[in-house]
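# Observations on the model geometry
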Amino acid sequence: MLTIHTQQGRNIEIVLQSELCDPLNLGEYVRAYCHIHGSDHQRSLSINKTTGWGHCFNAACNATVLVAEWNPTVAKRLIQLYYRGFSSVPSPSYRSQRKQSTVLVSQPVLLHLPKATPKWQQDELAALLSLDEQMRKALIHSQRAQAYLNERGIPLNVALVSGVRYLPPAMINNLEAQKQRAILRRWEERILFPLASPAGKGYIGRSLWHWQPGMDENAHKSLLDQPRRPRRWIKTNPAGWFGVDFDQLSSSIILVEGAFDRLTLLVAGFDAPGVVALVGTAAPIDWFPPHIKSVVLAFDGDLGGQEATSRIEEQLMQAGIHVRLCLPPQDRWGKDWNERWRRLGPESLRPALEAYADLRKLVCS
Ligand SMILES: [Zn+2]
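Just so you know, these numbers come straight off a predicted model, no measurement behind them.

## Things to note about a nonpolar patch on the surface
A surface patch of nonpolar side chains, about 270 Å² in accessible area, is lined by L24, L26 and Y29. Within the fold, Y29 resides in strand 4 (residues 29-33).

## A few points about the state of the cysteines
Scanning all chains against the criterion turns up zero disulfides. Note on C21: no disulfide assigned, nearest cysteine sulfur contributed by C34 at a separation of 8.3 Å.

## Let's talk about the pairing of strand 14 (residues 294-297)
Residues of strand 14 alternate between two faces, with S294 and V296 on one and V295 and L297 on the opposite face, all of them buried. As paired elements, strand 12 (residues 252-256) and strand 14 share four bridges and run parallel to each other. Each residue of the ladder has a partner; that of L255, found in strand 14, is L297. Alignment of strand 14 against strand 15 (residues 322-325), held across four bridges, turns out to be parallel. By the bridge assignment, L297 is partnered in strand 15 with L325. Regarding the hand of the β-α-β motif, the stretch spanning strand 14, helix 11 (residues 303-318) and strand 15 is right-handed.

## Side note on the packing of helix 4 (residues 132-141) against helix 5 (residues 143-151)
For the pair helix 4 and helix 5, interaxial distance at closest approach is 6 Å and the crossing angle is 75°. As summarised for this structure, helix 4 and helix 5 are arranged roughly perpendicular, according to the angle between their axes. Within the contact between the two elements, helix 4 uses L139, I140 and H141 and helix 5 uses Q143, A145, Q146 and L149. Partitioned by chemical class, the residues of the contact of helix 4 with helix 5 number four nonpolar, three polar and no charged.

## Concerning the sheet that holds strand 12
In space, the four strands of this open sheet follow the order 13-12-14-15, with parallel pairing throughout. Each having just a single partner strand, strand 13 (275-277) and strand 15 make up the two edges of the open sheet. Within this sheet the neighbouring strands show an average axis-to-axis angle of 25°, counted without direction. Packing against the sheet, helix 10 (residues 259-267) makes contact with strand 12 and strand 13, and its axis sits at approximately 165° to strand 13.

## Comments concerning the sheet that holds strand 2 (residues 11-15)
Read across the open sheet, the seven strands follow the order 1-2-7-6-5-4-3; overall the sheet is mixed. A strand with exactly one partner marks an edge of an open sheet, and here the two such strands are strand 1 (2-5) and strand 3 (21-26). Adjacent strand axes in the sheet meet at a mean angle of 25° when their direction is disregarded. In the sheet, strand 6 (residues 53-56) pairs with strand 7 (residues 64-67) via three bridges, with the strands oriented antiparallel. Looking across to strand 7, one finds that W53 is bridged to L66.

## Considerations on helix 10
Helical geometry: 3.6 residues make up each α-helical turn, so side chains three or four residues apart lie on a common side. Among the nine residues of helix 10, eight are classified as buried, and the element is accordingly described as predominantly covered. Buried residues of helix 10: A259, F260, D261, R262, L263, T264, L265 and L266, and no others. Where helix 10 ends, the next residue or the one after it, G269, has phi of about 110°, a positive value.

## Brief notes about the coordination of the zinc ion
Around the zinc ion, the donor atoms from the protein are C34 (SG), H37 (ND1), C56 (SG) and C61 (SG), and they sit 2.0 to 2.3 Å away. Coordination geometry of the zinc ion: the four donor atoms subtend angles of 99 to 119° at the metal centre, consistent with an arrangement described as tetrahedral. Counting gaps between the donor residues of the zinc ion yields the pattern C-x2-H-x18-C-x4-C. Here C34, found in the loop between strand 4 and strand 5 (45-48), pairs with C56, found in strand 6; they are 22 residues apart in sequence, far enough to count as distant.

## Let's talk about the pattern of salt bridges
Summed over all chains, the structure comprises 20 salt bridges. Two residues, D225 and R232, come together in a salt bridge whose shortest N-O distance is 3.3 Å. Note on D225: relative accessible area 45%, which makes it partly exposed. Salt bridges here are not isolated pairs; linked through shared partners, they connect K119, D123 and K179.

Conventions and cut-offs
- Residues numbered from 1 in each chain as written.
- Predicted model: local features only at pLDDT ≥ 70, side-chain atom pairs only at ≥ 80, totals over all residues.
- Heavy atoms only, no water.
- Patch = residues over 30% accessible without salt bridge, like charges linked within 9 Å, V, L, I, M, F, W, Y side chains within 5 Å.
- Areas by Shrake-Rupley, 256 points an atom, 1.4 Å probe, with all protein chains shown as cover.
- Salt bridge = Lys/Arg side-chain N within 4 Å of Asp/Glu carboxyl O.
- Helix = DSSP H or I, 4+ residues; strand = E, 2+ residues; numbered from the N terminus.
- Disulfide = S-S within 2.5 Å.
- Buried < 20%, exposed > 50% of the residue type's maximum accessible area, 1.4 Å probe, protein only.
- Pairing = 2+ DSSP bridges.
- Right-handed = clockwise from strand over helix to strand, strands pointing away.
- Axes fitted to C-alpha atoms, helices over the stretch in contact; angles between N-to-C directions.
- Parallel < 35°, antiparallel > 145°, perpendicular 65-115°, else oblique.
- Contact = heavy atoms within 4.5 Å.
- Nonpolar A, V, L, I, M, F, W, Y, C, P; charged D, E, K, R; others polar.
- Donors = N, O, S within 2.8 Å, 3.2 Å for Na, K, Ca; no water.
- Tetrahedral: all angles 85-135°; square planar, octahedral: opposite > 155°, others 65-115°.

On their own, these measurements won't tell you what the molecule is for.
Spelled out as structure tokens, the structure:
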């Protein structure tokens with residue numbers, strides 16, 4: 001066990017899975033006897049298996065723990081910060097392991113195996129990747145797709161540089177293999193955005209079904225949101241974030257919700273490596289590469305955006321990352337950055353630009 005003292009004044013105990021005392025698997029959580037305060041009366045230590053973060057419910061102990069194997073990226077980051085001298089403690093405090101034999105017996109139940117990707121999803125992704133260059137050309141030649149982008153305030157060059165694609169029905173009809181045509185049918189007439197994830201590349205696609213030039217975005221949204229219509233957005237497996245590759249991200253990034261919000265920020269002058277759209281994908285803390293030092297959370301102004309903001313802010317702070325919040329103002333000009341951009345112009349992005357500049361100054365100073 002290694003005790004890390006963060007800059008925020010918290011103590012985090014980094015523990016190994018083998019140190020957990022007689023752990024019990026309870027779905028999403030594992031409960032264990034707390035080896036930090038040495039309890040053997042009840043399993044007061046509760047750890048989320050997905051994030052690796054846990055907490056001791058004994059009021060006198062109140063420890064925050066991180067199981068290293070369940071969240072190796074953050075564990076590594078914290079240990080690096082520790083040895084870079086951010087910590088106020090001169091040396092790690094290792095403590096002896098107890099009850100190791102009991103622990104080892106129950107280990108297999110704790111290992112959560114990644115689910116295998118179904119064959120059809122593997123085929124779907126392979127088919128889309130093989131058409132990437134053709135879909136790029138299709139966007140350049142499709143007046144309709146460009147008209148849609150234009151009405152969302154996105155110039156063609158910004159879309160192309162960001163890897164945006166278009167899959168017209170004719171491209172699917174021209175495929176020789178009947179199997180490929182069937183696999184890709186649900187992607188026809190969609191604008192595609194490339195996604196990055198630790199599991200590899202993917203796509204998310206927005207349907208243009210029955211969209212007409214001049215149609216209001218919210219009117220098209222409600223048209224698609226009715227039963228038996230194509231889903232507005234679909235994703236491959238793996239999905240991921242819409243942004244540059246993880247190792248190319250800036251050390252300060254701004255997180256937004258939607259693919260069009262990201263493009264809007266790029267149009268307004270943000271650098272591509274600094275803007276990431278979650279596109280409905282969670283923000284697991286172990287996806288943040290260790291070189292990321294600060295994050296602006298600029299989600300939608302609705303309830304969903306507010307909930308995600310408080311959840312992710314907590315996780316990032318626990319991992320020692322600086323956080324600034326920048327929700328769009330609660331007014332009549334729209335809940336997300338793209339809508340506000342279309343209605344208010346460049347002025348609408350001033351809060352985001354200021355929060356981002358402010359954070360970079362803080363981290364660089
Ligand atoms: Zn405890």
